[in-house]
Amino acid sequence: MSSDFEAYELDFSTLTAEITNKIGRIPKLAGEEKTQLVLNVDKQLEEVRELLEQMDLEVREIPIQSRGMYNSRLKSYKQEIEKLEKDFKRSRIAYSDEVRNELLGDDASSSESQRAHLLDNTERLERSSRRLEAGYQIAVETEQVGQEILSNLNSDREKIQRSRDRLRETDANLGKSSRILTGMLRRIIQNRVLVFILGAIILLTIVLAIYFNFRGH
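Conventions and cut-offs
- Residues numbered from 1 in each chain as written.
- Predicted model: local features only at pLDDT ≥ 70, side-chain atom pairs only at ≥ 80, totals over all residues.
- Heavy atoms only, no water.
- Helix = DSSP H or I, 4+ residues; strand = E, 2+ residues; numbered from the N terminus.
- Buried < 20%, exposed > 50% of the residue type's maximum accessible area, 1.4 Å probe, protein only.
- Contact = heavy atoms within 4.5 Å.
- Core = buried A, V, L, I, M, F, W, Y, C linked by side-chain atoms within 4.5 Å.
- Phe/Tyr/Trp six-rings, centres within 6.5 Å; stacked < 30°, edge-to-face > 60°.

Colleague: Describe the overall build of the chain, listing the residues and the values that go with them.
Modeller: Along its length, the chain carries four helices and zero strands. When its helices and strands are written in sequence order, the chain yields α-α-α-α. Classification of the 217 residues of the chain by burial places 21% in the buried group. Long-range pairs, those at least 24 residues apart, make up 73% of the contacts in the chain with a sequence separation of at least 6.

Right, dumping it as structure tokens:
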């Protein structure tokens, strides 16, 4: 399971390195070449998001006791892609301003304050999105913990039930053993009584034989 995560990490590192390089090149290009590079970066960012989703799924399959380290790494990757997306948006805004100025001249140029306001709104939206994503992640992890607790409770209940069944079986066996021992003790007492009676009869017979023998003489 962790080997799949590490393979995704390698793909993530390769893609983000390419994206970083291309974002740095966007302001230096113009025309169709710049347009194609913007589209290419946008496509690669989508691939990186899909990689993060796959990594997130892999982390959820890892046992809870080993999940913390992978969650930390995944969190740093999400922060890295957020930074790349922010840099890319700045690059696209600058690119859009440049094209607009080339087409329409000074009348369509954006002021620095307007650009700052747009970036501020974009960052607020990103923060809200991150909070929603964090809330969703917490809900998913809470659900997983709840399922594991329920599974453990169900397992404990089954163990208790099996212990009760074994206790009932042991109790029944003890009852049978007690009845068997009582019967054996009863037969031993009966045998001893018979032995005493037989011994008394034999002794009486001997005494009577000796008596009649002396009397005959």
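Colleague: An account of the nonpolar core is requested, with residue identities and associated values reported.
Modeller: Ranked by size, the top nonpolar core spans 23 residues in total, and within it Ile19, Val41, Leu45, Leu52 and Phe88 carry the most contacts. Elements represented by at least two residues in this core include exactly α1 (2-25), α2 (31-61) and α3 (64-104). Among the elements that take part in this core, α2 stands out by supplying nine residues, more than any other. Setting aside anything within four residues of it in sequence, one finds Val41 in contact with Ile19, Lys22, Ile23, Ile26 and Phe88.

Colleague: So what about the packing of aromatic side chains? Which residues, and what values?
Modeller: Under the definition given, this model contains three aromatic pairs. For the pair Phe12 and Tyr77, a centre-to-centre distance of 4.9 Å together with 45° between the ring planes defines the contact as tilted. Pair noted here: Phe12 is in helix α1 and Tyr77 is in helix α3, with a separation of 65 residues, a long-range link. Pair check on accessibility: Phe12 and Tyr77 agree, each one buried. Arranged with centres 5.4 Å apart and planes meeting at 70°, the rings of Tyr211 and Phe212 form a pair that is edge-to-face.

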